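Coordinates in review
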Amino acid sequence: MTELLTAAQMRAIEQAAIESGEVTGLELMERAGQGVVDAIFAEWPELGEGGHRAVALCGPGNNGGDGFVVARLLKEAGWEVDVFLYGDAQKLPPDARVNYERWVKLGEVRQLSFPQVTDMDCECVDDAAYSVSGTQLVVDALFGIGLNRPISGLSPLFATNDIEVGVGNRIFPARHVSIDIPSGMYSDNPQPPQYLSWFLADLTVTFHRKKMAHIHQWTDMSCGKVVVVNIGIGND
C-alpha cells in the first residue's frame, strides 16, 4: 500500500527540502500550482483549449498561495478568473504573499471575511456564489491539510458537480477541484461528510503522497478522483 502521510510529516518533508537548498518554498508553490493545472487539463481535456471561466477561492495560508498560482496560470492560458481571498492579504505567509502580489498585477482580488468558527450560518460567500454562475471551474484553495478546527457557512459553493445548485434564482453547475484535500476536512482524521461544511470535489490534487483523508469510505463523495503530483521533494 502506498505510504500515507500526516500533515506534520508532509510539512517536515517540505521543510527538509527547503533547508537542504534543493528547492525554495516559492519553487514548491509554483510546482504545486502547475501540477494542479496539469491535472485539471488531464482530467478534462476540453478545458485545455482556453476561453473558459474559473473562480479561485484562496485561503489565509500556503494553500491559498497555491490557489493564486493556479489562478495566474489559468489567466495566462486565456481564462477569465475571479479570485476571492478569505483572510487578510497582509497576514499571508511570505511565499503566498508573493503569489498574491503576482496575481494582483493581472486581476482583482475580492476580499471576503471567512465564516467564523460557530454554529451559526454565514452568508459571506454569496458574492462568490454569484460569480460561479456561468463558470466551468471552482478551485478550492482555502485550507488544505492545515485545518484543525470546525468551520461552517461554506455552502452554497460546496456542492458536487452532478447536481445543479441554486442560490436564490442562480443555478450553476461547475467542476470542483480541491488543492490537497477538500476544505472542511481534517487531513489526519477525516470524519463523515457534513454537506454544508465540506467542499465536495470532483477532483482532488495532492502532492508527493496521499494523506489520511484520501483513504476512507467517503473519499468518492468528498474528494472525487485523487491525483498525486510529484513536486520533486523527498524520494520522488
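Summary of the structure given here. All figures in this text were calculated on a predicted structure; none of them were measured in a lab.

Some words on the packing of aromatic side chains
Taken as a whole and judged by the stated rule, the model has 2 aromatic pairs. With a centroid separation of 5.5 Å and an interplanar angle of 80°, the aromatic rings of Phe-68 and Tyr-100 are classed as edge-to-face. Taken together, the residues span a long stretch of sequence, with Phe-68 in helix H3 (residues 62-76) and Tyr-100 in helix H4 (residues 94-104) at a distance of 32 residues. For the pair formed by Phe-68 and Tyr-100, the shared burial category is buried.

Quick word on the pattern of salt bridges
Tallying each qualifying case throughout the model produces 7 salt bridges. Salt-bridge contacts for Glu-30 lead to Arg-72; the nearest nitrogen and oxygen are separated by 2.6 Å. On the criterion of sequence distance, the pair formed by Glu-30 in helix H2 (residues 25-43) and Arg-72 in helix H3 is long-range, its members being 42 residues apart. Lys-225 is the salt-bridge partner of Glu-43, the closest N and O atoms lying 2.9 Å from each other.

Re helix H1 (residues 7-20)
The terminal C-alpha atoms of H1, which comprises 14 residues, lie 20 Å apart, in line with the 20 Å expected from a rise of 1.5 Å per residue. Along H1, the residues classified as buried are Ala-7, Met-10 and Ala-17. Projected down its long axis, H1 carries its buried residues within an arc of 100°, all on one side. Turned more than 90 degrees away from the buried face of H1, the exposed residues are Ala-8 and Glu-19. Contacts made by the buried residues of H1 are with strand S8 (203-207). Count one or two residues on from H1 and you reach Gly-21, which has phi positive near 90°.

Here we look at the packing of H3 against H4
It is the contact of H3 with H4, at a shortest axis distance of 8 Å, that shows an interaxial angle of 25°. By the angle class used here, H3 and H4 are roughly parallel. Two packed elements cross with a definite hand, and for H3 against H4 that hand is left-handed. Here Asn-62, Gly-65, Phe-68, Val-69, Ala-71, Arg-72 and Lys-75 of H3 come into contact with H4, specifically with Asp-95, Ala-96, Asn-99, Tyr-100, Arg-102 and Trp-103. Its residues assigned to classes, the contact of H3 with H4 comprises 6 nonpolar, 3 polar and 4 charged.

With respect to the environment of Gly-65
Tracing the sequence through the fold places Gly-65 in helix H3. For the pair Gly-65 and Pro-94, spaced 29 residues apart in the sequence, the C-alpha separation amounts to 9.3 Å. Here Gly-65 is in contact with Met-29, Ala-96 and Asn-99, once residues within four sequence places are set aside.

Quick notes on the nonpolar core
By size, the foremost hydrophobic cluster in this structure holds 50 residues, and its most contacted members are Phe-68, Val-83, Leu-137 and Phe-207. Ranked by the residues each element gives to this core, the list is headed by H2, at 7 residues. Non-local contacts of Phe-68, meaning those with residues more than four positions away in its chain, are made with Cys-58, Val-83, Leu-85, Leu-92, Ala-96, Asn-99, Tyr-100, Trp-103 and Val-109. Residues Leu-57, Leu-142, Phe-143 and Ala-174 belong to the second largest nonpolar core, which totals 11 residues.

Thresholds, definitions, all that
Residues numbered from 1 in each chain as written. Predicted model: local features only at pLDDT ≥ 70, side-chain atom pairs only at ≥ 80, totals over all residues. Heavy atoms only, no water. Phe/Tyr/Trp six-rings, centres within 6.5 Å; stacked < 30°, edge-to-face > 60°. Helix = DSSP H or I, 4+ residues; strand = E, 2+ residues; numbered from the N terminus. Buried < 20%, exposed > 50% of the residue type's maximum accessible area, 1.4 Å probe, protein only. Salt bridge = Lys/Arg side-chain N within 4 Å of Asp/Glu carboxyl O. Expected span 1.5 Å × (residues − 1). Arc of directions from axis to C-beta. Contact = heavy atoms within 4.5 Å. Axes fitted to C-alpha atoms, helices over the stretch in contact; angles between N-to-C directions. Parallel < 35°, antiparallel > 145°, perpendicular 65-115°, else oblique. Left-handed = near helix turned anticlockwise from the far one by under 90°. Nonpolar A, V, L, I, M, F, W, Y, C, P; charged D, E, K, R; others polar. Core = buried A, V, L, I, M, F, W, Y, C linked by side-chain atoms within 4.5 Å.

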